[in-house]
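If you want the building blocks of each chain, they are given just below.
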Amino acid sequence: MEFDTVIHSGTIVTADGQFSGDIGISQGRIAAVAEKLSGGETRIDAGGRLVLPGGIEAHAHIAQESSAGVMTADDYLSGSISAAFGGNSSFIPFAAQQRGQSIDDVIATYDARGARSVLDYSYHLIVSDPTEEVLHDQLPRAFARGITSFKVFMTYDLMNLGDGGMLDILEVARHHGAITMVHAENNDMVKWMNRRLADKGLSAPKYHAISRPQLAEEEAINRAIQLAKLVDAPLFIVHVSTAGGAEIVRREKFNGAKLFAETCPQYLALTRDDLDRAGMEGAKYICSPPLRGADTQDALWKHVAMGTFESVSSDHAPYRADDTGKFLNGRDVAYPAIANGMPGIAARLPYLFSEGVVKGRITPEQFVALSSTNAAKTFGCSTKGRIAPGMDADIAIWNPQVTRTVVQADQHDNMDYTPFEGMELTGVPEVVMNRGATIVSHGTLMAQEGQGRFFARAAVDLRGKAGFTAPEFDPAQNFGTQLR
Ligand code: URP
Ligand code: ZN
Ligand code: ZN
Ligand code: ZN
């Protein structure tokens, strides 16, 4: 067989195991995996380094206006470049519906934005206005285009759908084979806390963490799961930030809910003390759900190691610490007027590798599952996330021995800070490929603007998930009424 490229002498790591061998690439796809492969117009010597499926970043806000109208600093060019330097071969940012906007219009808008990407990309569709037309006409059309995940919010006044709106979307998603993602925080608890803090004149960034109690997340995670169970729809809980939330996820999975979840590096690496930095520095650490305490970090790491989470995602939400981003409403404002979110698309995998694999908390196989393989299964990326013949040649070669200090310039994004500044991380993605093309090589960008392609996705892989029938939906228990 003739190969365009052969990656040889590497330690190939998959979610199931590792072996030394070679990978033959032909026309952007993995054509062969074997102990020794000859040929190849280009031969890349992996020299004993780790050869992994390229990362799939499944939670990033790119060229997206927040519900309050603040545009992220990264567009699909800078965002995809930053992702690539961080070991990712593809990503799935959000395409966000503004209230009153048609889904077709949302997709057309993001197609124009996505055209700049250096990496393959897809979108999760944020639904903020589930009208009859959206539910029964526009969402099925989006699904048919390969946009197979919908995201809803239980918080933020302009996004929150209420339980009935969530049930409507969950039901449509289930019917068409899509998965619903949810940002779970109890909106009324947060608003009530905001009023109480405002009454006492407490407005500094550190009160952001107080205003969004752990209970608000735990209550909403539990409620979202019960809503999904009523209609037996798959559910993905994004950015779990509490031990209590993780425990609920674990218990409900054990009981057969079609449930998936992620946490993010910021909840493992940072604490709410970072919100109390001098002056308005704390604003850089405002994200929702908020950073918690050191005890939460330990608990979340245990859940990462135990397999409670499918993925560790960045929730890259890049708002610069200037008057285009965090301080669009001014510098001396109360915390609710500061944009929520922090960057991290380049730091996600180096952080997870260093603090996870190098420190012995997770195995290299778990790293592959958490960074790529599980996201591919959950979000229907059927040609990505695995090293096997027929798959896209989306590959990252990691040097596990090099230690670097995180500095803003190395993030290659359009930001003016990184919350991970100064951390010493061991393990570097030296070569990153997307469909056989080298995107990043030893710190140099090799890709051209626009070479990434939109990829259509399939339904979530529900094998191994038992499912749940609410008694009221069971004709044997409800006077024979057929509700489904
Ligand atoms: O604070 C965050 N995470 N901002 C981004 C939007 C969201 O809630 O995911
Ligand atoms: Zn329908
Ligand atoms: Zn969110
Ligand atoms: Zn987010």
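Use the structure listed above.
None of these values were measured; they are calculated from a predicted model.

J.: Pulling in residues and values, what's your account of the environment of I286?
T.: By the element assignment, I286 lies in the loop between α9 (265-269) and α10 (294-306). Sequence spacing of I286 and G341 is 55 residues, and the spatial spacing of their C-alpha atoms is 6.0 Å. Beyond its immediate stretch of four places on either side in the chain, I286 contacts P205, H208, L275, K326, Y335, I338, A339, N340 and G341.

J.: I'd love a proper account of the side chain of N374, names of residues and values included.
T.: Secondary-structure assignment places N374 in helix α12 (residues 364-378). Looking at N374, its side chain comes within polar contact range of the main-chain oxygen of E310, at 2.8 Å. Those residues in contact with N374, other than ones at most four positions away along the chain, are E310, S311 and A369.

J.: Describe the pattern of salt bridges, with residues and values.
T.: What the rule picks out here adds up to 27 salt bridges. Among the ionic pairs, D392 bridges to K384, the shortest N-O distance being 2.8 Å. It is possible to trace a salt-bridge network through shared partners that takes in R29, D120, K384, D392, D394 and R435.

J.: Lay out the site of ligand 1 with the relevant residues and their values.
T.: Taken together, the neighbourhood of ligand 1 is formed by 13 residues, with Y156, H183, S288, D315 and N340 sitting nearest. About the coverage of ligand 1: the protein hides 94% of its 260 Å² of free accessible area. With respect to the detected pockets, ligand 1 is housed in the largest pocket.

J.: For the coordination of the zinc ion (ligand 4), give the residues involved together with the corresponding values.
T.: Within the first shell, the zinc ion (ligand 4) binds the protein through H59 (NE2), H61 (NE2) and D315 (OD), at distances of 2.0 to 2.1 Å. Each donor residue of the zinc ion (ligand 4) lies on the same chain, and together they follow the pattern H-x1-H-x253-D. Between the zinc ion (ligand 4) and the zinc ion (ligand 3), the interatomic distance is 3.7 Å. Taken as a pair, H59 in strand β6 (residues 55-60) and D315 in the loop between β14 (311-312) and α11 (348-358) lie far apart in primary sequence, 256 residues in all. The exposure classification of H59 matches that of D315, with both residues buried.

J.: Explain the pairing of strand β5 (residues 50-53) to me, using residue names and the numbers behind them.
T.: Direction of pairing for strand β1 (residues 5-13) relative to β5: parallel, over a ladder of two bridges. Bridging across to β5, T11 finds its partner in L50. Across four bridges, the pairing between β5 and strand β15 (residues 395-405) is antiparallel. Each bridged residue has a counterpart across the sheet, and for L52 the counterpart in β15 is A396.

J.: Describe the nonpolar core, with residues and values.
T.: The biggest cluster of nonpolar side chains holds 127 residues, and the ones touching the most others in it are L125, L139, L235, I237, F367 and F379. Once residues within four sequence positions are removed from consideration, L139 is found in contact with I103, L125, V127, V134, F150 and V172. Formed by 16 residues, the second largest nonpolar core is a distinct cluster that contains I12, I23, A388 and I397.

J.: Before we move on, can you summarise helix α7 (residues 214-230) with the specific residues and values?
T.: Owing to its 3.6 residues per turn, the α-helix brings residues three or four apart onto one side. Look at α7: 25 Å from first C-alpha to last across 17 residues, which is about the 24 Å you get at 1.5 Å a residue. Here α7 has its buried residues at A216, E217, E218, A220, I221, A224, I225, L227, A228 and K229. Positive backbone phi, approximately 50 degrees, marks D232, located one or two places after α7.

J.: How would you explain the packing of helix α3 (residues 132-144) against helix α4 (residues 162-176) if you had to name every residue and give the values?
T.: For the pair α3 and α4, interaxial distance at closest approach is 11 Å and the crossing angle is 45 degrees. Taken together, the axes of α3 and α4 are oblique relative to one another. Pair α3 / α4 crosses with right-handed handedness. Contacts from L135, H136, L139, P140 and F143 of α3 reach α4 at D168, I169, V172 and H176. Per-class residue counts for the contact of α3 with α4 are six nonpolar, two polar and one charged.

J.: Break down the packing of α11 against α12 for me, citing the residues and quoting the values.
T.: Axis separation between α11 and α12 bottoms out at 10 Å; the angle between their running directions is 150 degrees. In terms of orientation, α11 lies roughly antiparallel with respect to α12. Here the hand of the crossing between α11 and α12 comes out right-handed. Contacts between α11 and α12 involve R348, L349, L352, F353 and V357 from the first element and P364, F367, L370 and S371 from the second. Partitioned by chemical class, the residues of the contact of α11 with α12 number seven nonpolar, one polar and one charged.

J.: Pulling in residues and values, what's your account of unusual backbone geometry?
T.: Peptide bonds are, in most cases, trans, and in most cases residues other than glycine have a negative phi. Of the consecutive residues S288 and P289, the connecting peptide bond is found in the cis state with omega at -10 degrees. Positive phi, normally seen in glycine, also occurs at Y156, with a value near 70 degrees. Relative to the helices and strands, Y156 resides in the loop between β10 (149-153) and α4.

J.: Can you lay out empty space enclosed by the protein for me, pointing to particular residues and giving the numbers?
T.: This model, assessed by the stated rule, comprises two cavities of 30 Å³ or more. Estimated volume of the largest cavity: approximately 60 Å³. Contributing to the lining of the largest cavity are I225, A228, K229, D232, A233, L235, A257, K258, L259 and F468. If one sorts the elements of the lining of the largest cavity by residue count, α7 sits on top with three residues. Looking at the lining of the largest cavity, its residues break down into seven nonpolar, no polar and three charged. Each pocket or cavity is described by its volume, and for the second largest cavity that value is around 40 Å³. What lines the second largest cavity is L52, P53, G54, G55, G87, L349, F367, S371, A396 and W398.

J.: I'd like a rundown of α10, residues and numbers included.
T.: Compared with an ideal rise of 1.5 Å per residue, which puts 13 residues at 18 Å, α10 spans 19 Å between its outermost C-alpha atoms and is within 8% of the ideal. Along α10, the residues that are buried comprise T296, Q297, A299, L300, W301, H303 and V304.

J.: An account of the environment of S149 is needed here, citing residue identities and associated values.
T.: Relative to the helices and strands, S149 resides in strand β10. Once the C-alpha coordinates of S149 and L235 are considered, the two residues, 86 residues apart in sequence, prove to be 9.8 Å apart. Setting aside anything within four residues of it in sequence, one finds S149 in contact with Y123, H124, L125, A178, I179, M181, F379 and R457. Only 2.7 Å separates the side chain of S149 from the side chain of H124, close enough to count as a polar contact. Here R457 takes part through its side chain, which lies 2.9 Å from a polar atom of the side chain of S149.

The rules behind the values
- Residues numbered from 1 in each chain as written.
- Chains lettered and ligands numbered in written order.
- Predicted model: local features only at pLDDT ≥ 70, side-chain atom pairs only at ≥ 80, totals over all residues.
- Heavy atoms only, no water.
- Helix = DSSP H or I, 4+ residues; strand = E, 2+ residues; numbered from the N terminus.
- Contact = heavy atoms within 4.5 Å.
- Polar contact = N/O pair within 3.5 Å; in protein donor to acceptor, adjacent residues only side chain to side chain.
- Salt bridge = Lys/Arg side-chain N within 4 Å of Asp/Glu carboxyl O.
- Near = heavy atom within 4 Å.
- Areas by Shrake-Rupley, 256 points an atom, 1.4 Å probe, with all protein chains shown as cover.
- 1 Å grid on protein atoms, 1.4 Å probe; cavity = no way out; pocket = protein on both sides within 12 Å on 5 of 7 lines; lining within 4 Å.
- Sits in = over half its atoms within 2 Å of the grid points.
- Donors = N, O, S within 2.8 Å, 3.2 Å for Na, K, Ca; no water.
- Buried < 20%, exposed > 50% of the residue type's maximum accessible area, 1.4 Å probe, protein only.
- Pairing = 2+ DSSP bridges.
- Core = buried A, V, L, I, M, F, W, Y, C linked by side-chain atoms within 4.5 Å.
- Expected span 1.5 Å × (residues − 1).
- Axes fitted to C-alpha atoms, helices over the stretch in contact; angles between N-to-C directions.
- Parallel < 35°, antiparallel > 145°, perpendicular 65-115°, else oblique.
- Left-handed = near helix turned anticlockwise from the far one by under 90°.
- Nonpolar A, V, L, I, M, F, W, Y, C, P; charged D, E, K, R; others polar.
- Points joined across faces, edges and corners; volume = space filled by probe spheres on them.

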